[in-house]
Every structure is written in C-alpha cells, then in structure tokens.
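# Observations on the model geometry
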2 protein chains.
Amino acid sequence: MNRRNFIKSGTAAGIGISVAAPTILQGQDDRKARLAFIGVGLRGRNHLRLALQRSDVVVTAICDIDPEAISKSQGMLTNAGKKEVAAYTNGEEDFRNMVQREDIDGVVISTPWRWHTPMAVAAMEAGKYAGVEVSAANTLQECWDLVDTSERTGMPCMILENVCYRRDVMAVLNMVRKGLFGELIHMECGYQHDLRHVKFNDGKQAYGGGVEFGEKGFSEAKWRTWHSVNRNGDLYPTHGIGPVAKYLSIERGNRFVYLTSTATKSRGLNNYIVENGGPDHPNAKVKFKLGDVITTVIKTANDESIIVSHDTNLPRPYSLGFRVQGTNGIWMDVNKSLYIEGTSEQPHRWESTESYFEEYDHPLWKKHESKAVGAGHGGMDFFVLHAFIEAIKRKTVTPLDAYDAASWSAISPLSEQSVALGSAPVEFPDFTRGKWRNRKDVFALNDEY
Amino acid sequence: MNRRNFIKSGTAAGIGISVAAPTILQGQDDRKARLAFIGVGLRGRNHLRLALQRSDVVVTAICDIDPEAISKSQGMLTNAGKKEVAAYTNGEEDFRNMVQREDIDGVVISTPWRWHTPMAVAAMEAGKYAGVEVSAANTLQECWDLVDTSERTGMPCMILENVCYRRDVMAVLNMVRKGLFGELIHMECGYQHDLRHVKFNDGKQAYGGGVEFGEKGFSEAKWRTWHSVNRNGDLYPTHGIGPVAKYLSIERGNRFVYLTSTATKSRGLNNYIVENGGPDHPNAKVKFKLGDVITTVIKTANDESIIVSHDTNLPRPYSLGFRVQGTNGIWMDVNKSLYIEGTSEQPHRWESTESYFEEYDHPLWKKHESKAVGAGHGGMDFFVLHAFIEAIKRKTVTPLDAYDAASWSAISPLSEQSVALGSAPVEFPDFTRGKWRNRKDVFALNDEY
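Residues numbered from 1 in each chain as written. Chains lettered and ligands numbered in written order. Predicted model: local features only at pLDDT ≥ 70, side-chain atom pairs only at ≥ 80, totals over all residues. Heavy atoms only, no water.

## Brief notes about the overall build of chain A
Of the regular secondary structure elements, chain A holds 16 helices and 15 strands. In summary, chain A has a C-alpha radius of gyration of 22 Å against a globular reference of 22 Å for 449 residues, a match within 12%. Its C-alpha atoms give chain A principal-axis dimensions of roughly 60 × 60 × 40 Å. The buried share of chain A, reckoned over its 449 residues, is 63%. If you take every contact in chain A between residues at least 6 apart in sequence, the share linking residues at least 24 apart comes to 73%. Accessible area of chain A: about 16700 Å², with a carbon and sulfur share of 49%. (Helix = DSSP H or I, 4+ residues; strand = E, 2+ residues; numbered from the N terminus. Rg over C-alpha atoms; globule rule 2.2 N^0.38 Å. Buried < 20%, exposed > 50% of the residue type's maximum accessible area, 1.4 Å probe, protein only. Contact = heavy atoms within 4.5 Å. Areas by Shrake-Rupley, 256 points an atom, 1.4 Å probe, with all protein chains shown as cover.)

Structure follows, in structure tokens:
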C-alpha cells in the first residue's frame, strides 16, 4: 500500500491516528520527515529554525521570491552544519516546480495570505503533506479547494494553528475532556492585538518606525495592510477559533451553522497615519474599509454560541479573550481566573487558574516542555510543527486537517458577507458533506504529538 | 406656570436641568419630595428605607397586595419616628386609587416586571413623577406607552437604573467625558449573574433552599422565573446597557439602530432542579425556553458596536462585563484594568484602574460618599433615589427619562424577536421620533444629582 492510498483510505474510513509501526523499536526510530519550505520570511524562518534543531527532519528545498530571505535561510542551514539546499526563486509560481521534487514529504507554507490555498493545493496535488500558516484560505472557494483537493488526493492539509498548542489552552482542553466545565454552552475568543506597528513601518524594519505599507512597506506591511484597505470583516479568526473548535469538537460531532458579524467605524489606522506621518502624508488619504472592531457570533449544531472578536487597529494590550463556559463552570483568560462549581472554594467567586493549569497540564507539554522552550510564541511553535512532522513520519492523518482549515478560515468571507448585509446571519457550508456527525477527535489525544 | 406645564415645556424645548430657584438660600432649603411606593417587597423596602433616612422626603402612601410587606413597611415608618401612612392593599389595581392622591409628587415602583409600565403610566397620568425599577417595559408597545404618556402628560418617567451610579462606572463616565478613551468605538456589558437561587427557593426564603417557583415560590421566584419558562432573549439588559448608553450618549446625539441576538441551548435551570430537587420533582419536567447565554450585538447610529450578554442560569461569578474601548484606550472591569495610550507606562500592557478611579472619582461620589455608604448595592441605591428626589424637588426633568427607559428596555422584546428569527437583525424604533439628534446630556453633570 503506497502512502497516498494508505492515507486516502485512512481519511475516508475515519480510522484516526495509527499507532507507530511495530518494527520501530524504542530508541531506534530512524524515520525522517523531508520538508520543503515555501516562504522563508520571518515566519518561515522560524519554522525552518525549529526544523533544523530536529534530528528527524531533512530540509530539502526552499522557495521565496525575496533573495535576502533565501540567503538568510541558506545561512541558517550552513550554520547548522548542513549543506545549502535547492532554492526556488524564479518568480511567484516557482513553488509549483519545487513541490514536484521526489525528496519532499511535506511542505511548510508561510507566505502572504493570498498564496496559502494555491500553494497548499499544489503541494497536495504533488502527493505532499501540506502544512499551511493561518488563515489557510480567504474565500469560500478556497476553503472548498482545500477540502476537495485533500479528499481527492488523499493528502492531509494541516492548518498550522499554533495557539491550539498554547500551554493554558491545552490544559483547558484537558479540563474540557475531563468534564470539569460540564456540558459546554458558550465560548469567547478573538484576535485582539494592536497591529498598527505591523501594518505600517518605514520600509526597512518589520515593526513600526513609519507609516508606509504596500510597495513601500516591509514584511507584513507589504501585503497584510492591503486587506485592511479592501475588506471589512474578521480577517484573522483562527488564533481564537482554533482552540475553541477543538473544545467544541467542530467537524467531529459538531459544526458551525451560521454567524452574524457587526463592524464598527474605521478610525484607528487613519489616526495612526496622521499622528505618525502627519496629515499631509499620502497615506493619510487612504480609506480603510476594515472596521476597528468586528464582532462575530457563531451558532453551532450542538446549540452553543461563540463570540469571535477581531480588534487590530486600536491601542490595546494583546488578548485572545478566551472564555469557556459550561453547565459546571467558566474560564476566562483576561483575568486568568475560573470558577468550577463544587470545586472552587467560595461560591460566586473567581479563583486563580494557576493550580488547575499545573494539575491539568497536557501530557504533550509535560513530555516536551524542555524542547518547546525558546521555540517561539511561548513554545506553541514547537508543538504545531512537531505535530506536522510526527504525522508525516507515521504516514497518517494530521491532527488538524483540511476541514479544520476550511471551517475556521471560512469565518473571514462569511463575516465579510454578514457585515455587508447589515449583520444578517450567513450560513456555513458543511465542508465535510455530512461526515462531521461521525468523525472522531484525533487532536492531542496523548503525549506523542 | 404650574408644574405640569413647566416640565412639558422644559421637555419639549430641551432646556435641560434648571438651576435651583434663587430664593432657596444655602442651608435653608425646605423643599420636600412627597413619595408614594407601589411594591414594598424586598426591593421597594430598600428604597423606602433610604427615603426615610432623608429629611427632604415625606412618605405619604404605600401599596402592595402582600399584607406582610405592608406591615413591615409600616413598622419601618414607626421605627423611624413617623406615623403609619395610607396603605392601598385592595387587589392588583388599587395602585390606581393611590396615584390620584394630591399629597404625592413622585411614585416609586418596585413590582414584578409586568406591572412596571401600567403603574408608571398611571402615575404620569395622575400628574406624578414616575420612578420605575428595571426593566421598565417588557414589550415594544409598553416602551411606546412610557414615551407617549411622558410626552403627553409632561411628567418625567425615570428608570431607576442604579448601576448608572456605580462608583467605577461613574469614574469611567468622567474619563469618557474628558476624552481619555478618545472617540468611542466598541462597548461590552451584560448581566452575568447566577440567579438559580433567585429563580428557585423553598417558598419561605428569598434565596435558594428549594426548587420551587411560581405559586409555590417566594419573592422573585414567584414571578421572575415565569419569564425563563416562556421567553427566549435578553430578559434583563438595563444594568449593563444603562451605563453604556450614558457613555455613548444614546438618545442624545446617538441611538441604537439594530441588534442581533443569539441564544444557546437551555440546560442550567433544569440541571439545578434535578440536582437539588431530584429527577422526580414535578418541576424537573418544566421546559425552560430561555437559553442559558444570550449574546446581543447592537449597532449604533454613530457606528459603534455593543455586546450585551445575558447569563443567569449557570454557575459563575457575578460580572456585568463592562468594556469601554475607544481610539485612545480601553477599560475592562473583569480584570480591573485599563490601557490609555500615551498615559499607561508600558505599551501593550494592562494597568490597574485603581489610581485612575481615584483621580477621576465623579463629583457626585466625592460629595455624597458618606451618605451612600450602606445604602445598598455598594452605594448605587442612594444615588439613583437621590436623583429622582432632587429632580422632583427642583420640578425639573429626571436625569434618566422615558426615552432611556424605552430604548434600554426595548432590548428584551427585540432580542426575543431576533432569537426567534435565527439571529436576524431587528431594528430599534426611534422612540424620540428624531429628537435624539439634538437632545443634550443631562445625566450627572455636576455634584448635585
């Protein structure tokens, strides 16, 4: 059985995670994952750095249109004692050549949003595992492209949503699974991050120092800000919704049914330009379509509600705003507190999450903590790449898949539709075509990956 | 000019708060407010107790269908060194006789929700100030009844929303008015209070001890729980929306345009009955229509958004969940923190509200703090009744009025509509019929009331 067919039948039959092959004895595991990278800017090189720290990864090729990104990556390889690898730099479509190589098992995609789906699709079409940064798709058609391609090719598409692996997020997952919150009722999450210094810079540094974007901007300001000019909706839902989708078993016994989105006026980005570049700066005339705060409310098939906030244009402390609430208790991350009926000592009083998060620390974190330290974003980045690599090594499905990628990413286009329709409810497609009812959870079930 | 015409012209012309009549010299103010009370249960007697502590109030009559409530109230009067007053106890409609008395200036209404509007209307029709507990109305027709009656009679209808006078809420109002948050963008608020021990009791005590409600319940369980059986929507929006409406100048330069509401499944109340009364208790068969968490999102004419949460059936710590966010900063009460750009020392970091709330303590609190202590609900109850009384003494408009009562209370029926329509947006009536554009703020402008 070749890999493609193995995975195809695994996916189709819903087998879930396979156990390690019995011929692999403890301590003698020489399985390797051969990885290629599309996009080796700041984010891609973070993944590359983690890959180079592992003995079970062979980096075989890299792709970027920016020569500086390529040379920095080659430098990382040689600094790690490896040889330089094949580089694909011949224009925006050269990734299509790279993914045809036979020495690649998986492709890590860390490019501007508009390229995520075409690149993931190309990787899967070439028989490679696709690991794609967030969000994975920008339109409903792209969401379907990910699902249809993964189903047709039998290749997994893993959305590399690192926050699913945040330590407190995983401890709460552990608590959810152990029933501490009872039956889940209501969730909150979001992306609340003052990105003004990301959306604008001086064209030389990645963060701040000026009010340029687009052609004159650097790094994310080069492409990300375009979306704030042209789109009004939740542009970046997955850091919040990913963990919540895992708590609620979305696409595995549950699904998103519909959402409403409400956008405020747009003030923050223009204010920032005027304050930092002056009223006469050309960008002070740019009209930003993106409302400063977008509030989305999702209804699920199991009759829960989820508030998803998108808030990236105003001065504020970073917060993903998690809240998990069930018939037996509630957790909120903004005040680092929870309440569990019958366990919390004082009725009607918050208590610190600290002792709970120690007690319910997820087995993955317990086992791999030392490796995760320094990996980036508090260790999350280690785990998300680790999971992609371990799935490749086992030739099995990824713990986050194309259905996850599609249903989470679909929030953006659906949110834009709802905003344009004056907050009218807009239905989610059923990306599993009915399979959500019987699919089993495969995410972080043990301490392996 | 008699009082009715004075107020009518004052209301119509938008004069705002009059200054004290010049004949009233400092320290020689002998103006009195003559108050009657409809409903002297637990809440009504709290107002009565505060009224009896004041030298500027004469209590002239009380009304209740419960003989015990009447006798306890008369006892409070005699204990305070006053004579017993006329009591109206002859059935549910006897309040109509009481409000006709000529020795009443204002009527304080603290009855079950369904009676608020008819009683407030009767008071205004009789030429009396109406002070009505929250929510003031249950249906859109009742909202219009309050507005139309107040306009026609020229008598004010004050919604007695005590949270508008919470100390931190007023400090934030002060900060909003001084521009610390910049232009307001997004708000959050709600009523998040585990009311299971209020909705159910043993028929003898007000809070808990059993799973009875309706005929067999006591105090609020007697009537309030009915709404959880029969209605699905935000049943109790004003504690949250009142303060937010003041921040956003609703009905005074701004207004609510539409809302969407999303309800979760209903689990908490049935669980409580089964756990505390057993699965065979007759109430275990009751189907509760009210979803455990109701999330409402309001869009305003000035293009802000407001999330309003209603969450009364699950175990959780009390929180009104305030968030005030503008172009220059953000406050959240759940973590007692704020961030003000250019003022907060560390960028992207929350700081404690403590020093801000000291610096921006509202003049009303600074002046009346000693009187507020012990008044109930942390002093709020003193201020809300104080404002009603001072408006009566000055023969002027009340700081919260019929338009406030209508637009805040309208959230309940509109929310029910939206939930029934699968979260479709539902428009707010313009209760001011266009006057909202030019009406001036009169709430808590100084240290008087």
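Having seen it, we continue.
## Some details on the sheet that holds strand E11 (residues 323–326) of chain A
All names here are of chain A. Taken in spatial order, the nine strands of this open sheet run E14-E13-E12-E11-E7-E10-E9-E8-E15, and their pairing is mixed. Of all the strands in the sheet, the pair left with one neighbour each is strand E14 (351–352) and strand E15 (426–427). Two strands pair when backbone bridges link them, and strand E13 (residues 337–340) and E14 are joined in this way by two bridges, in the antiparallel orientation. Bridging across to E14, Leu 338 finds its partner in Glu 351. Running over the sheet, helix H10 (residues 238–247) touches strand E7 (184–192), strand E8 (256–263), strand E9 (293–300), strand E10 (305–311), E11 and strand E12 (329–332) and is turned about 160° from E7. Against the sheet, helix H16 (residues 411–420) makes contact with E8, E9 and E15, and its axis sits at roughly 55° relative to E8, the strand it touches most. (Pairing = 2+ DSSP bridges. Axes fitted to C-alpha atoms, helices over the stretch in contact; angles between N-to-C directions.)

## Regarding helix H5 (residues 113–125) of chain B
With ten of 13 residues buried, H5(B) is to be regarded as a mostly interior element. Looking one or two places after H5(B), you find Gly127(B), whose phi comes out positive at around 80°.

## Focus: the interface of chain A and chain B
The partner chain B presents 51 residues to the 51 residues of chain A that form the contact. Both faces considered, chain A and chain B share a buried interface measuring about 4300 Å² in area, 57% of it formed by carbon and sulfur atoms. It is Lys265(A), Pro317(A) and His348(A) in chain A that bury the most area against chain B; as a group they hold 15% of the surface buried on that side. Between the two partners, chain A and chain B, sit ten salt bridges. Between Arg267(B) and Glu183(A) there is a salt bridge, and its shortest N-O distance comes to 3.0 Å. Taken together, the connections running from chain A to chain B amount to 22 residue pairs in polar contact (both at pLDDT 80 or more). Elements represented by at least two residues in the side of chain A that touches chain B include exactly E7, helix H8 (196–199), E8, E9, E10, E11 and E12 of chain A. Split by residue class, the side of chain A that touches chain B holds 18 nonpolar, 19 polar and 14 charged. (Buried area = accessible area lost by both parts, 1.4 Å probe. Salt bridge = Lys/Arg side-chain N within 4 Å of Asp/Glu carboxyl O. Polar contact = N/O pair within 3.5 Å; in protein donor to acceptor, adjacent residues only side chain to side chain. Nonpolar A, V, L, I, M, F, W, Y, C, P; charged D, E, K, R; others polar.)

## Quick notes on the packing of helix H2 (residues 42–52) of chain A against helix H3 (residues 67–79) of chain A
Residue and element names in this part refer to chain A. Two elements in contact, H2 and H3, have axes whose closest approach is 10 Å; the angle formed by their N-to-C orientations is 15°. Put simply, H2 runs roughly parallel to H3. For the element pair H2 and H3, the recorded crossing hand is right-handed. Contacts between H2 and H3 involve Arg 45, Leu 48, Arg 49 and Leu 52 on the former and, on the latter, Ala 69, Lys 72, Ser 73, Met 76 and Leu 77. The residue inventory of the contact of H2 with H3, partitioned by class, reads five nonpolar, one polar and three charged. (Parallel < 35°, antiparallel > 145°, perpendicular 65-115°, else oblique. Left-handed = near helix turned anticlockwise from the far one by under 90°.)

## A short note on the packing of aromatic side chains
Going through the model one piece at a time under the given rule, you end up with 36 aromatic pairs over all chains. Ring geometry for Trp113(A) against Trp223(A): centres 5.3 Å apart, planes inclined by 75°, an arrangement best described as edge-to-face. Of the two residues, Trp113(A) is situated in helix H5 (residues 113–125) and Trp223(A) in the loop between H8 and helix H9 (224–230); the sequence distance between them amounts to 110 residues. Classification of Trp223(A) by relative accessible area gives partly exposed; the value is 21%. Summarising the aromatic geometry, the rings of Phe322(B) and Trp331(B) are spaced 6.0 Å apart at their centres and angled 15° between planes, so their arrangement reads as stacked. There is no split in this pair, since Phe322(B) and Trp331(B) are both buried. Through pairs of rings, three or more aromatic residues link up here, namely Trp113(A), Tyr191(A), Trp223(A), Tyr236(A) and Tyr318(A). The cationic tip of Arg224(B) hangs over the ring face of Tyr236(B); the distance from NZ or CZ to the ring centre is 4.3 Å. (Phe/Tyr/Trp six-rings, centres within 6.5 Å; stacked < 30°, edge-to-face > 60°. Lys NZ or Arg CZ within 6 Å of the ring centre and 35° of its normal.)

## With respect to the pairing of strand E5 (residues 129–132) of chain A
Residues and elements named next belong to chain A. By the alternation rule, side chains of E5 split into Tyr 129 and Gly 131 and Ala 130 and Val 132, which are all buried. Of the pairings in the sheet, the one linking strand E4 (residues 106–109) to E5 comprises four bridges and is parallel in character. Note that in E5 the partner of Ile 109 across the bridge is Val 132. One crossover worth recording links E4 to the parallel E5 by way of H5, and it is right-handed. In terms of strand pairing, E5 meets strand E6 (residues 157–159) through three bridges, oriented parallel. Its bridge partner lying in E6, Ala 130 is registered against Cys 157. Tracing the backbone out of E5, into helix H6 (residues 140–153) and back to the parallel element E6 gives a crossover that is right-handed. (Right-handed = clockwise from strand over helix to strand, strands pointing away.)

## Examining the relation of the copies chain A and chain B
Note that the two copies of the chain are related through a rotation about an axis and a translation along the same axis. Expressed as a screw operation, the relation of chain A to chain B combines 0.0 Å of axial shift with a rotation of 180°, fitting to an RMSD of 0.0 Å. In the structure described here, the two chain copies are related by an operation that fits a two-fold rotation axis. Minimal C-alpha distance to the rotation axis in chain A is attained by Asn335(A), lying at 2.4 Å. Here 100% of the contact residues of chain A are again contact residues in chain B; the copies associate through an equivalent surface. (Least-squares fit on C-alpha atoms with pLDDT ≥ 70 in both.)

## Overview of empty space enclosed by the protein
The final tally for this structure, using the stated rule, is four cavities of 30 Å³ or more. The computed volume of the largest cavity comes to approximately 280 Å³. If you go around the largest cavity, you meet 23 residues; those closest to its centre are Glu188(A), Arg323(A), Met332(A), Glu188(B) and Met332(B). (1 Å grid on protein atoms, 1.4 Å probe; cavity = no way out; pocket = protein on both sides within 12 Å on 5 of 7 lines; lining within 4 Å. Points joined across faces, edges and corners; volume = space filled by probe spheres on them.)

## Some remarks on the domain arrangement of chain A
Residue and element names in this part refer to chain A. According to the domain assignment, chain A consists of domain 1 (3–161) and domain 2 (165–363 + 400–437). The C-alpha-based centres of domain 1 and domain 2 are spaced at 25 Å. With 21 residues of domain 1 in contact, the opposing surface of domain 2 contributes 33 residues. Taken together, the two surfaces of domain 1 and domain 2 that pack against each other cover about 2400 Å², and 67% of this comes from carbon and sulfur. The interface formed by domain 1 and domain 2 contains three salt bridges. (Domains from an automatic or database assignment.)

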